[in-house]
Amino acid sequence: DIQMTQSPSFLSASVGERVTLSCRASQNINKYLDWYQQKLGEAPKLLIYNTNNLHTGIPSRFSGSGSGTDYTLTISSLQPEDVATYFCLQRNSWPYTFGAGTKLELK
Amino acid sequence: QVKLQQSGAELVKPGASVKLSCKTSGYTFSTSYMSWFKQIPGQSIEWIGMIYAGDGGTGYNQKFKGKATLTVDTSSSTAYMDLSSLTTEDSAVYFCARYYSADWYFDFWGPGTMVTVSS
């Protein structure tokens with residue numbers, strides 16, 4: 001199975017700050033990498049698919065990049081409603097696997 | 001609009017089985033794919049498997065083979081997941097999610113069903 005390692009596990013940032021979350025795969029996943037936002041008690045919400053494609057209705061302050069084994073989610077200007085846990089998911093090969101998540105809080 | 005409605009919370013005894021449902025609307029279920037996921041509260045998410053509603057074809061995460069069985073009823077646009085021989089380690093929230101076959105990603109998710117296994 002492909003292992004997905006997210007960093008940091010926990011991040012505290014201020015409103016308006018630029019935030020970068022990382023996800024590393026144990027092997028090349030050919031950009032089949034998605035990012036999800038999950039708020040407490042809710043289902044995951046798709047933000048970015050295939051590394052850098054913004055899902056419908058997602059604010060443009062979210063963006064993704066990467067290739068090979070290393071991928072990044074960037075929030076250009078953190079908003080209070082962005083407080084959540086963020087997961088990456090690889091869909092390069094079965095079984096699909098998620099990272100352990102980055103919990104993002106306001107400073 | 002696309003909606004996925006999941007069945008209510010379950011409290012089941014160890015050794016028992018449970019069948020979860022995911023009723024869909026707002027799109028053509030009979031030619032779509034559905035996946036199921038497990039999340040223990042406070043932890044990450046695991047992919048259980050996928051089913052194609054067109055022919056009932058399935059694929060599973062090896063970890064969940066023998067534990068989960070995925071089926072569909074196209075007449076009611078509903079997907080099901082049977083969980084068998086339940087233990088306390090199966091206590092979790094289970095989500096269904098549509099696999100959007102145009103670009104291959106999980107775009108719509110159900111709200112989840114909490115399963116608690118306890119004697």
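Quick notes on the rules
- Residues numbered from 1 in each chain as written.
- Chains lettered and ligands numbered in written order.
- Predicted model: local features only at pLDDT ≥ 70, side-chain atom pairs only at ≥ 80, totals over all residues.
- Heavy atoms only, no water.
- Disulfide = S-S within 2.5 Å.
- Helix = DSSP H or I, 4+ residues; strand = E, 2+ residues; numbered from the N terminus.
- Buried < 20%, exposed > 50% of the residue type's maximum accessible area, 1.4 Å probe, protein only.
- Core = buried A, V, L, I, M, F, W, Y, C linked by side-chain atoms within 4.5 Å.
- Contact = heavy atoms within 4.5 Å.
- Buried area = accessible area lost by both parts, 1.4 Å probe.
- Salt bridge = Lys/Arg side-chain N within 4 Å of Asp/Glu carboxyl O.
- Polar contact = N/O pair within 3.5 Å; in protein donor to acceptor, adjacent residues only side chain to side chain.
- Nonpolar A, V, L, I, M, F, W, Y, C, P; charged D, E, K, R; others polar.
- Phe/Tyr/Trp six-rings, centres within 6.5 Å; stacked < 30°, edge-to-face > 60°.
- Lys NZ or Arg CZ within 6 Å of the ring centre and 35° of its normal.

**Q** So what's going on with the state of the cysteines? Residues and values would help.
**A** Under the criterion given, the structure shown has two disulfides over all chains. The disulfide partner of Cys23(A) is Cys88(A), and the S-S distance across this bridge is 2.0 Å. Taking the torsion about the sulfur-sulfur bond, which here is approximately 65 degrees, the covalent link between Cys23(A) and Cys88(A) counts as right-handed. Residue Cys23(A) is located in strand 3 (residues 19-25), and its partner Cys88(A) is located in strand 9 (residues 84-90); the two are separated by 65 residues in the primary sequence. For the pair formed by Cys23(A) and Cys88(A), the shared burial category is buried. The disulfide partner of Cys22(B) is Cys96(B), and the S-S distance across this bridge is 2.0 Å. Measuring the twist about the S-S bond at about 75 degrees, one finds the Cys22(B)-Cys96(B) disulfide to be right-handed. With Cys22(B) in strand 3 (residues 18-25) and Cys96(B) in strand 9 (residues 92-100), the pair connects residues that are 74 residues apart, well separated along the chain. Neither residue differs from the other here; Cys22(B) and Cys96(B) are each classed as buried.

**Q** Requested: an account of the nonpolar core, with residues and values cited.
**A** Within soluble globular proteins, side chains that are nonpolar generally end up buried alongside one another. Residue and element names in this part refer to chain B. Formed by 26 residues in total, the largest nonpolar core has its most connected members in Leu20, Met34, Trp36, Met81, Leu83 and Tyr94. When contributions to this core are tallied by element, the ones reaching two or more residues are strand 3, strand 4 (33-39), strand 5 (45-52), strand 7 (68-73), strand 8 (78-83), strand 9 and strand 11 (113-117). With residues up to four places along the chain from it excluded, the contact list for tyrosine 94 reads Gln6, Leu20, Phe37, Lys38, Ile48, Met81, Leu83, Gly112, Thr113 and Val115.

**Q** Tell me about the interface of chain B and chain A, residues and numbers included.
**A** In this assembly, 21 residues from chain B lie in contact with 19 residues from chain A. Contact between chain B and chain A buries roughly 1600 Å² in total, counting both sides, with carbon and sulfur atoms accounting for 66%. Interface area lost by chain B to chain A is led by Ile45(B), Trp47(B) and Tyr105(B), which between them contribute 32%. Our enumeration of links across chain B and chain A arrives at zero salt bridges. Scanning the region where chain B abuts chain A turns up five residue pairs in polar contact (both at pLDDT 80 or more). Breaking the side of chain B that touches chain A down by element, the ones donating at least two residues are strand 4, strand 5, strand 6 (58-60), strand 9 and strand 10 (105-109) of chain B. Along the lines of polarity and charge, the residues of the side of chain B that touches chain A split into twelve nonpolar, six polar and three charged.

**Q** So what's going on with the packing of aromatic side chains? Which residues, and what values?
**A** Going through the model one piece at a time under the given rule, you end up with 20 aromatic pairs over all chains. Between Tyr36(A) and Phe98(A) the ring centres are 6.3 Å apart and the planes differ by 50 degrees, which places this aromatic pair in the tilted class. Linking Tyr36(A) in strand 4 (residues 33-38) with Phe98(A) in strand 10 (residues 97-98), this pair joins segments that are 62 residues apart in sequence. Here the aromatic rings of Phe37(B) and Phe106(B) are separated by 5.0 Å at their centres, their planes lie at 90 degrees, and the arrangement is edge-to-face. Here Phe106(B) lies in strand 10 and Phe37(B) lies in strand 4, a separation of 69 residues in the sequence. What makes Phe106(B) buried here is its relative accessible area of 0%. It is Lys19(B) that lies over the ring of Tyr80(B); its NZ or CZ is 4.7 Å from the centre.

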